[in-house]
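Architecture and fold: a report
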Amino acid sequence: MGKSINEVGVKDLVIAGLAIEEAIDFERQLKDAINGCDGFDPKELWRELMARKFLKPWHPHGVHQLIYYSVYHNYDESIHGPPLYWFPTPYQSRCTNLGRIMESHGPRLLGALYKDPITSFRQFHKFSVQHPEIYWSIILNELSLNFAVAPKCILDTSNKSKHGGTWLPGSALNIADCCLQSNKYLKKQDDSLAIVWHNEGCDDHKLEHMTLKQLREEVMLVANALDVIFTKGDAIAVDMPMTATAVIIYLAIILAGFIVVSIADSFAANEIATRLCVSKAKAIFTQDFIVRGGQKFPLYSRVVQAGPYKVIVVPATGNDIDVHLRNQDLSWKAFLSSVHHLPRSNYYSPVYQPIDSVTNILFSSGTTGDPKAIPWTHLSPIRCAADGWIHTDLQAGDIFCWPTNLGWVVGPILLYSCFLTGATLALYHGSPLGRGFGRFIQDAGVTILGTVPSLVKTWKSTRCMEGLDWTKIRSFCSGGEASNIDDDLWLSSRAYYKPIVECCGGTELSSAYVQGNLLQPQAFGAFSSASLSTGFVILNESGLPYPDDQACIGEVGLFPRYMGATDRLLNADHDEVYFNGMPVYRGMQLRRHGDIIKRTIGGFLVVQGRADDTMNLGGIKTSSIEIERVCDRADDSVLETAAVCIAPPNGGPELLAIFVVLKTGFKIQSDVLKLKFSRSIQTKLNPLFKVSFVKVVPLFPRTASNKLLRRVLRDQLKQELQMHSKI
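Residues numbered from 1 in each chain as written. Predicted model: local features only at pLDDT ≥ 70, side-chain atom pairs only at ≥ 80, totals over all residues. Heavy atoms only, no water.

Here is the rule: UniProt positions are given in the numbering used here, feature names are shortened, and annotations may be inferred rather than shown by experiment.
In the nomenclature of an unreviewed UniProt entry, the chain is known as Acyl-activating enzyme 18 of Abeliophyllum distichum. Here is the UniProt Pathway (unreviewed entry) comment for the chain, exactly as written: "Phytoalexin biosynthesis; 3,4',5-trihydroxystilbene biosynthesis; 3,4',5-trihydroxystilbene from trans-4-coumarate: step 1/2."

Structure (structure tokens):
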């Protein structure tokens, strides 16, 4: 299977896509790099190749694949841990936000144990978990926060009925106001660039910009208009693409003391209605249409079907809406005209609230049934912005783009991560699937790009980003679903192998509980650490924790004192959902998250899916994701796979089934794939695992947030097998 790096020659490079002359020169440089490494350590050779910027973004992906997989050809992950692709340098580490505070505070906090940011990362992480009060007192000073009333302390644990304690008790602020005010320490000035955006189909037009002062005045104008119609504390929904106007509306609702109800613009009318009902929303902001690829798709009409009390309609293009409104509804122009008579319509005095006041109602993705209504408070944004500052290294001058929606947790995370750190928010008003989006990333000079794995898969398979310059990017973020190693290889290579900060968390946590960072080496498709101040254990089948340094697989149990995590739900029992039935560890009732996680040799973490996606094959526990990663690379025709396990209708051991979506233009028989999948699984995972069914389908069922619904595939297969058994 494949070749070692010493065996790679000109012929292989030509097959991978290089011209003969380029291949000859490439081979010469490759041999020089190999000879420059003392002995043969794959990690050190890869480090050397990266230091030389040996692989270029414009090289064909086949060349990147050939070199990466050849370098790690005989590499044994079971002994050495996952193969590494990115390595921090001492100089780089000290220039990061986290490295800087470690250099400043590490010697005092860790004493003689402190060496440098890279060497001492794990000790500092452990300290942040054991001493959250000290850790968070440092971090809060690094963000753009303005408390109207200072907190009495960082964490109050006196109320034993609150598993997570009370964070920043007694404090009052308005988190939207914090976003809008300048901050000299962060070099966040009134004339700083707050938002840069571009409209789909306008590639040759100039980018549009908004300064911090302009943003503040626009938000305050909308806040004044809200006061004309609504009563303090009212819930107001937002269901529209994440445009600059949507961001203004979102911040204005919170600045004025109302509550945002986040609804994704992809939802059908009944899903919108459910969320309006649960949140008791008094009105909803939306657009007349969604414009994608030059086509207009109705949005206002879909929202109206959900039966809201009042709709305020923003035009998708131009200044005037292009729909007929109900009597009780308002156009965006009419809404704003209500305050034009005010002498200072673009000034507003923020509504300061206790920190635990609700600012935003978000909803879970619904992978496990009905969506949970999850309230965010003024505390939640502090957590997500802090994690962006620490793990992604967001700084003033960075331009951060992550195609998303305010209806999903990444939308508010992106917004707050920019405005509370002094970074610029980059928005593309259109589909992120095509070259127009990639051109925006290039022209806007995006320095941090967030993605979801399915989006990267599309970019790679369609080759729509070829020829674009993404080399200003200094790091990527990826979340929402499990990453594919080869897709990550493609993505990182677009910017000379910059690190991909993998993130996995939840709306109810306000952040990710496991993440990459810029102080540890990174491996594709893996998390290098728990997030700072986050503690957890991995539980065995008896509910007992594995030792912290042991490679293992099990359900994660989060330490309950998690800054920013919810302490309530609007439509479910919070304790029942997150705590009841979880074991007690060192006197703490662990918090349920539902992920199965694998800790590798070397301490990397790989999410194996949800607890209900585990399977038992011949008495051996494994996960859907582990099997899918192997099957995805079993044949060139495979775009993606989904693995599920079902019990036969008449009893017996569970059967493994693989659903497959093929790449465009490929055809292959299920029996052929079944044989290839079986061989790959038996070679790379376990020789006892057997594939019982393979079914090729046009696409997979997914939630509106694009998460794979394996339970739907499982139910479909069960029905088919039951029908066959009756026949």
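Past the structure itself, the notes keep going.
1. Quick word on the sheet that holds strand E15 (residues 373-377)
The condition is simple: Here a strand pair is declared whenever DSSP counts at least two bridges between the two strands. Put simply, DSSP H or I for four residues or longer makes a helix, DSSP E for two residues or longer makes a strand, and each gets a number counted from the N terminus.
Taking strand neighbours across the sheet as the criterion, the seven strands line up as E12-E11-E8-E6-E7-E14-E15 in an open arrangement whose pairing is mixed. The open sheet terminates on both sides in strands that have one partner only, identified here as strand E12 (330-331) and E15. The sheet contact formed by strand E7 (residues 259-262) and strand E14 (residues 358-363) spans two bridges and is parallel. When the bridges of E14 are listed, Val-260 appears paired with Asn-360.

2. Describing the nonpolar core
Let me state the cut-off plainly: Joining through side-chain atoms within 4.5 Å is the link that ties buried Ala, Val, Leu, Ile, Met, Phe, Trp, Tyr and Cys residues into a set, and such a set is a nonpolar core. A simple rule labels every residue: compare its accessible area, found with a 1.4 Å probe on the protein chains alone, to the largest value its type can have, and call it buried under 20%, exposed over 50%, or partly exposed in between.
In this structure, Ile-195, Leu-215, Leu-226, Leu-251, Tyr-416 and Phe-419 are the most contacted members of the largest nonpolar core, which totals 100 residues. At 11 residues, the largest contribution of residues to this core is made by helix H12 (residues 244-255). In terms of nonpolar packing, the next biggest core, distinct from the first, is built from 65 residues, Met-50, Leu-55, Ala-444 and Val-446 among them.

3. Comments concerning the pairing of strand E9 (residues 289-292)
The pairing of E9 with strand E10 (residues 295-298) spans four bridges and is antiparallel. Looking at E10, one finds that Phe-289 is bridged to Pro-298. Here E9 folds back onto E10 in antiparallel fashion, the turn holding two residues, of which Gly-293 has a positive phi close to 55°.

4. Looking at the packing of aromatic side chains
Heads up, the rule is: Only Phe, Tyr and Trp rings take part, Trp by its six-membered ring, and two of them pair if their centres are within 6.5 Å. Stacked means planes under 30 degrees apart, edge-to-face means over 60, and tilted covers everything else.
Inspection of every chain in the model, using the stated rule, returns 24 aromatic pairs. Centre to centre, the rings of Phe-437 and Trp-459 are 5.7 Å apart; their planes meet at 20°, and the pair counts as stacked. One end of the pair, Phe-437, is in helix H18 (residues 435-444); the other, Trp-459, is in helix H19 (residues 453-462), and 22 residues separate them in sequence. In this pair, the class of Phe-437 matches that of Trp-459, namely buried.

5. Some details on the UniProt feature "transmembrane region" (unreviewed entry) in the chain
Within the UniProt annotation, "transmembrane region" (unreviewed entry) is assigned to residues 247-269. Within the segment residues 247-269, helix and strand shares are 43% and 17% respectively, and the terminal C-alpha atoms sit 23 Å apart.

6. Focus on the packing of helix H3 (residues 42-51) against helix H4 (residues 61-71)
Here is the rule we go by: In this analysis an axis means a line fitted to C-alpha atoms, helices contributing only their contacting stretch, and an angle means the value between N-to-C directions, from 0 to 180 degrees. Here roughly perpendicular refers to angles of 65 to 115 degrees, roughly parallel to angles under 35, roughly antiparallel to angles over 145, and oblique to all remaining angles. Only heavy atoms enter the contact rule, under which two residues are in contact if any of them lie within 4.5 Å. Residue classes follow a fixed rule: Ala, Val, Leu, Ile, Met, Phe, Trp, Tyr, Cys and Pro count as nonpolar, while Asp, Glu, Lys and Arg count as charged, and any other residue, Gly among them, counts as polar.
Across the interface, H3 lies against H4 with an axial gap of 9 Å and an inter-helix angle of 150°. If you check the angle between H3 and H4, you find them roughly antiparallel. Contacts between H3 and H4 involve Pro-42, Leu-45, Trp-46 and Leu-49 from the former and Ile-67, Tyr-68 and Val-71 from the latter. Per-class residue counts for the contact of H3 with H4 are seven nonpolar, no polar and no charged.

7. Some words on the pattern of salt bridges
Operational definition: Salt bridge, as applied in this entry: a Lys or Arg side-chain nitrogen positioned within 4 Å of an Asp or Glu carboxyl oxygen.
Applying the stated rule across the entire model yields 28 salt bridges. Among the salt bridges present, the one from Lys-460 reaches Asp-486, with a minimum N-O distance of 2.8 Å. With Lys-460 in helix H19 and Asp-486 in helix H20 (residues 485-493), this pair connects stretches of sequence that are 26 residues apart. Note on Asp-486: relative accessible area 5%, which makes it buried. The network of salt bridges with common partners includes Lys-457, Lys-460, Asp-486 and Asp-487.

8. As for the environment of Gly-450
Mapped onto the secondary structure, Gly-450 falls in strand E18 (residues 448-451). Relative accessible area serves as the criterion here: at 0%, Gly-450 is assigned to the buried category. Gly-450 sits 249 residues away from Leu-699 along the chain, and the two C-alpha atoms are 24 Å apart. Apart from residues lying up to four places away in sequence, Gly-450 is in contact with Phe-400, Cys-401, Trp-402, Pro-403 and Cys-477.

9. A word on the sheet that holds strand E31 (residues 638-646)
If you walk across this open sheet you meet the three strands as E31-E32-E33, and the pairing is mixed. At either end of the open sheet lies a strand with only one pairing partner, and these are E31 and strand E33 (691-696). Taken pair by pair, the neighbouring strands of this sheet meet at an average axis angle of 25°, ignoring direction. Sitting on the sheet, helix H22 (residues 624-631) touches E31 and strand E32 (655-662), and the angle it makes with E31 is about 145°.

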